[in-house]
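Reading the structure
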Amino acid sequence: KTIPLSPIDYVFTGVSSYPIGFVFAYQGTIDSARLRSSLDETLEQFLPLRSKLIKISEHSYGLQPADDGLSFEVSSSSEIFEESKDISKFLDSVHSVEGEPLTKIRLTQTPRGSVLGVSMSHALADGFSYFHFLSSWSRVFQGKRILSPSHQRELLMPKTSDHQKLITPDDILARCGFFWGGKRHASSREQIHYEERLFISKDTMSKLLAEAQKESEVTLFYNDVITAFLWKKYITEWNESGNNPTMYVSCPFDYRRVLRILPRTYFGNALCCATASLDYESLVHASLGKLALLIRKAVAQVKQDYVLGSLKTLESLRQQKGLAAMEEIHVMHPQDGLLVTNISRLPVQNLEFGSGTPTGFQVLSSDQRAAAILPAQDGVDVRVYHPLGSG
């Protein structure tokens, strides 16, 4: 049966629709036949992963189960993961358009072990669901039981929708934290000016939090101050002229914990963006505490009513403007924004496939104006993807 998409899933269809891609390096060699067998068993519980987008009406897509909706490839390379200048060769990235497989998995055997690359359409899953699948696959490989996913996309369908009141770009920003503008341009890693790695130690994070907390009666968190630090540092660097009046920072928010009707094991997208804004001059001169408080307030507004309103707004936009409008939704402001995704709690150590836990991993993003906060020993490892024309 064709699986319907939820309102938020449509944001991640079409050109440049933010696929999720990671590569994981292992010191030992993974048995490819056993890996494939365990994958097939895992897919019995994660059926949407083996599917393609199909147009079922003028304004609607569905996920059509297909044998070739998932590709599994085994290759070999003389290149060492830790020494490679182009990690992207270990990943075959998906494209969330009609007729294309929505999951691509590549196992590469190298002289120093195996590298597993998994690319998944964001129309299928968010980061939580991506790692729910990988952790489950690892458990099946090891002969262990898994926590079954929920596929109840209908729970995210609004019970009512006001299709008569025209949705505006201001509505999309205020109710969803997204930006509705021109069509997203096709992107690739070659279009990123460069990727910067920035290590922030636990000691530095504690000092930043203590500094910011002095100015706020509201309790702040590490993510607030790290995001505030990145916002000021990079937005002012990328917009030195200050010609544009308003600067934005957006933080993806997993609303499984606030939307009571949704199971915590929901497999799909349970995302909106908490977005804060400030005029350029104020951003340049603002203290870390002020910026962290703005971010905390944006995050705090994401409650059940906000989530339901965002789903209703996205559904209304699609009904009014069709599928093309969903390719005009941006998760960060394309000229004056920064997207900061905190994935510092990734369960990487759970991903064991008979050759030990990963000795290294990388997220592969083609998104400009974005930063990913990743786990690291005694701190966090931040990857910043600089836009063309910067630096």
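Here the focus is the pairing of strand S15 (residues 370-376). With 5 of 7 residues buried, S15 is to be regarded as a mostly interior element. As defined by bridge partners, strand S13 (residues 337-342) adjoins S15 across 4 bridges and the pair is classed as parallel. Residue valine 340 lies in a different strand from S15, and its bridge partner there is alanine 371. Linkage of S15 to strand S16 (residues 379-386), two consecutive antiparallel strands, is achieved through a turn of 2 residues, within which aspartate 378 is found at a positive phi near 65°.

Under the counting rule described, the total for this entry stands at 18 salt bridges. In this structure, arginine 256 and aspartate 254 form a salt bridge, with 2.9 Å as the shortest nitrogen-oxygen distance. Relative accessible area serves as the criterion here: at 3%, arginine 256 is assigned to the buried category. Connected through shared salt-bridge partners, Glu195, Arg197, Asp381 and Arg383 make up one network.

To continue, consider helix H4 (residues 202-213). Spanning 12 residues, H4 covers 16 Å between terminal C-alpha atoms, matching the ideal 16 Å at 1.5 Å per step. Within the span of H4, buried status applies to Met205, Leu208, Leu209 and Ala212. Angularly, the buried residues of H4 cover 100° about the axis, an arc narrow enough to put them on a single face. Next to the buried residues of H4 lie strand S9 (194-201), helix H5 (222-238), helix H7 (288-300) and S16.

Looking at the element boundaries, histidine 122 is found in the loop between strand S7 (113-120) and helix H2 (127-141). In terms of polar contacts, histidine 122 uses its side chain to reach the backbone carbonyl oxygen of alanine 125, at 3.0 Å.

Before going further, it helps to spend a moment on the packing of H5 against H7. At a minimum axis separation of 8 Å, H5 and H7 run at an interaxial angle of 115°. One way to sum up the angle between H5 and H7 is to call them roughly perpendicular. Handedness of the H5/H7 crossing: right-handed. Side by side, H5 and H7 meet where Asp224, Val225, Thr227, Ala228, Phe229, Trp231 and Lys232 of the first sit next to Leu288, Leu291, Ala292, Leu294, Ile295 and Arg296 of the second. Tallied by class, residues from the contact of H5 with H7 come to 9 nonpolar, 1 polar and 3 charged.

Here is what the cut-offs are and how they apply
Residues numbered from 1 in each chain as written. Predicted model: local features only at pLDDT ≥ 70, side-chain atom pairs only at ≥ 80, totals over all residues. Heavy atoms only, no water. Buried < 20%, exposed > 50% of the residue type's maximum accessible area, 1.4 Å probe, protein only. Helix = DSSP H or I, 4+ residues; strand = E, 2+ residues; numbered from the N terminus. Pairing = 2+ DSSP bridges. Salt bridge = Lys/Arg side-chain N within 4 Å of Asp/Glu carboxyl O. Expected span 1.5 Å × (residues − 1). Arc of directions from axis to C-beta. Contact = heavy atoms within 4.5 Å. Polar contact = N/O pair within 3.5 Å; in protein donor to acceptor, adjacent residues only side chain to side chain. Axes fitted to C-alpha atoms, helices over the stretch in contact; angles between N-to-C directions. Parallel < 35°, antiparallel > 145°, perpendicular 65-115°, else oblique. Left-handed = near helix turned anticlockwise from the far one by under 90°. Nonpolar A, V, L, I, M, F, W, Y, C, P; charged D, E, K, R; others polar.

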